[in-house]
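Below are the chains, spelled out letter by letter.
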Amino acid sequence: MSKVLIIGAGGVSRVVCYKCAAHPEIFSELLLASRTQSKCDEIAKDIATDLGYTAIKTAAIDAEDVPALIALIESFKPALVLHVALPYQDLTIMDACLATGVHYLDTANYEPKEEAKFEYSWQWAYQDRFKEKGIMAVLGCGFDPGVTSIFTAYAAKHHFDEIHYLDIVDCNGGDHGKAFATNFNPEINIREITQKGRYYENGAWIETEPFEIKKVLNYPNVGARDSYLLYHEELESLCKNFPTLKRARFWMTFGQEYLTHLRVIQNIGMAGIEPVMYEGRAIIPLQFLKAVLPDPGELGENYVGETSIGCRIRGIKDGKERTYYIWNNCSHAQAFKETRAQGVSYTTGVPAMIGAMMVLRGDWQGKGVYNVEEFNPDPFLEVLAKNGLPWHEAFDVDLEL
Ligand code: NDP
């Protein structure tokens, strides 16, 4: 029986709240706080209607204001702060957790607003302070990073003596019927995918141009899709935590229509993150673009098809080479039916709830800053399968990579 403070009230937060409400024996009370309180109220109202869970209070908070966060935490006294606002707020929320001695969990690593740069260095720098305070920070507990990291840990623990080649494959085989929309926060998403690609090979990072490397990969229950090599944040921690890796890459599917829109957006300067003057006021083009694009939280209603995300691994077991594929497929329509949110929010929100459950139940324990692959994967994956994200395995198959 624990109180949890959830920060942010977007699509991912909605799923986190629904899933916490489905486990009142663990999440006895929630405080949902975000920049716009009315969005928190809407989620709380839907959950009361759909699940009859009424133990959600709401509040307005600017998660970049550390004294305000400290005051909120001190008044509610949660056991854990579950951060599903934006990556820009990771450090201020970690500061508030340190000041109040409360566990922290997030789904995306810190990035500074002024530079699209993804690395764990800023958050790993809190290691000693979290250790001394006797609390945990759990980093990257969504699907990717999150479940993909835990799939890798599970493979290393149960099926390999050494893992050598890791390919994380992320397919959204769904169709929301819009000409162009992103599946999570458009600003964060476009910053991520317009960066140069990068992968790890033989101890070095190799950089590629954006969308330079493409392969057609087959995804279970979806079929063949164009898949592009991107840099993704979990590669950094996985290469550190699994030093036997000779190569680690990340692939994501994009349709031609999406890439054409993206190219136009970039070419006309709308993906820019430097301020421009408009009618005497400084605006950031990408933030303005976010305001006119569909809200990812509203995509759910007519979304059909499935996501399929997993890990394709090659390594050694008992002296022999082995291949292994572990994945989850998630139906957008099923996710919407349950939580009124689409599949990408669902696949992120469910693992975030389970990570919080792992900490509160004591399945994951420690003092300091952790990436999720450092914990025991078994209890997490057991609960994941029972909470809407069943997973599947195939051995000694053609990995296509
Ligand atoms: P949304 O944009 O839908 O929601 C973000 C929420 O954060 C909004 O409610 C927003 O408030 C709130 N917010 C923004 N700034 C502040 C602030 N300064 N103080 C308080 N609240 C603030 O995003 P998503 O729900 O799609 O994504 C949430 C997080 O999940 C992101 O960090 C994203 O990177 C991560 N993610 C992780 C994935 C994974 O697999 N690991 C996959 C997908 C997403 P307002 O409503 O006022 O705008």
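Residues numbered from 1 in each chain as written. Predicted model: local features only at pLDDT ≥ 70, side-chain atom pairs only at ≥ 80, totals over all residues.

Novice: I keep staring at the sheet that holds strand β1 (residues 2–7) and nothing clicks. Help me out?
Specialist: Judged by pairing direction, the sheet is parallel, and its 7 strands sit side by side in the order β3-β2-β1-β4-β5-β6-β17 without closing on themselves. For this open sheet the edge positions go to β3 (56–60) and β17 (368–371), each flanked by a neighbour on one side alone. Each adjacent strand pair in this sheet contributes to an overall mean axis angle of 20°, direction not counted. With 2 bridges joining them, strand β5 (residues 103–106) and strand β6 (residues 136–139) adopt parallel strand pairing. Note on β6: the bridge partner recorded for Leu105 is Val138. Sheet strands touched by helix α3 (residues 66–76): β1, β2 (27–34), β3 and β4 (80–83). Its angle to β1, the strand with the most contacts, is close to 155°. (Pairing = 2+ DSSP bridges. Helix = DSSP H or I, 4+ residues; strand = E, 2+ residues; numbered from the N terminus. Axes fitted to C-alpha atoms, helices over the stretch in contact; angles between N-to-C directions. Contact = placed C-beta atoms within 7 Å.)

Novice: Teacher, can you tell me more about helix α14 (residues 377–386) here?
Specialist: Burial in α14 covers these residues: Pro377, Phe380, Val383 and Leu384. Down the axis of α14, the sector holding all buried residues measures 140°, keeping them to one side. What points out from α14, more than 90 degrees from its buried face, is the exposed set Glu382 and Lys386. (Buried ≥ 20, exposed ≤ 12 C-beta atoms within 10 Å, placed from the backbone. Arc of directions from axis to C-beta.)

Novice: So what exactly am I meant to see when it comes to the site of the ligand here?
Specialist: Neighbouring the ligand are 34 residues, the closest being Gly10, Ala63, Ala85, Gly142 and Phe184. Looking at the shell around the ligand, the elements that each hand over two or more residues are α1 (11–21) and α13 (343–361). Of the residues assigned to the shell around the ligand, the class counts are 15 nonpolar, 14 polar and 5 charged. Domain assignment of the residues forming the shell around the ligand places at least three in each of domain 1 (2–139) and domain 2 (147–339 + 390–395). (Near = placed C-beta within 6 Å. Nonpolar A, V, L, I, M, F, W, Y, C, P; charged D, E, K, R; others polar. Domains from an automatic or database assignment.)

Novice: Would you explain the pairing of β4 in this entry?
Specialist: Walk down a regular strand and you will see the side chains alternate between the two sheet faces. On β4, burial covers both faces: Leu80 and Leu82 on one face and Val81 and His83 on the other are all buried. As paired strands, β1 and β4 are joined by 4 bridges and run parallel to one another. Looking at the pairing, Leu5 lines up with Val81 of β4. Bridge count for β4 against β5 is 4 bridges, and the pairing is parallel. Bridged to Leu80 within β5 is His103. Each parallel crossover has a hand, and for β4 linked through helix α4 (residues 90–100) to β5 it is right-handed. (Right-handed = clockwise from strand over helix to strand, strands pointing away.)

Novice: I keep staring at the environment of Ala356 and nothing clicks. Help me out?
Specialist: Turning to its location among the elements, Ala356 is positioned in helix α13. Taking the C-alpha atoms as reference, Ala356 lies 32 Å from Tyr228; in sequence the two are 128 residues apart. Setting aside its immediate chain neighbours within four residues, Ala356 contacts Val4, Leu80, Leu82 and Leu105.

Novice: Please clarify how the nonpolar core should be interpreted in this entry.
Specialist: Most often, soluble globular proteins have nonpolar side chains that are buried together. The biggest cluster of nonpolar side chains holds 110 residues, and the ones touching the most others in it are Cys17 and Leu32. For this core, the element with the most residues is α13, which contributes 10 residues. Residue-level mapping places this core at the junction of two domains, with at least three residues from each of domain 1 (2–139) and domain 2 (147–339 + 390–395). Discounting chain neighbours no more than four positions away, the residues touching Leu32 are Ile6, Ala9, Cys17, Cys40, Ile43, Ala44, Ile56 and Thr58. (Core = buried A, V, L, I, M, F, W, Y, C linked by C-beta atoms within 7 Å.)

Novice: Looking at this structure, I do not really get the packing of α3 against α4. What am I missing?
Specialist: In a packed pair of helices, the relevant descriptors are the angle between the two axes and the axis-to-axis distance. At a minimum axis distance of 9 Å, the contact between α3 and α4 shows a crossing angle of 45°. As far as their axial angle goes, α4 and α3 are oblique. Here α3 and α4 pass one another in a crossing that is right-handed. Taken together, the residues of α4 that come into contact with α3 (itself represented by Val66, Leu69, Ile70, Ile73 and Glu74) are Thr92, Ile93, Asp95, Ala96, Ala99 and Thr100. By residue class, the composition of the contact of α3 with α4 is 7 nonpolar, 2 polar and 2 charged. (Parallel < 35°, antiparallel > 145°, perpendicular 65-115°, else oblique. Left-handed = near helix turned anticlockwise from the far one by under 90°.)

Novice: Got a minute to help me understand the domain arrangement of the protein in this structure?
Specialist: As a measure of interface size, the accessible area lost when the parts come together is often cited. Each assigned domain of the protein is listed with its residue range as follows: domain 1 (2–139) and domain 2 (147–339 + 390–395). The C-alpha centroid of domain 2 is placed 24 Å from the C-alpha centroid of domain 1. Split into classes, the residues belonging to the side of domain 1 that touches domain 2 amount to 8 nonpolar, 3 polar and 2 charged.

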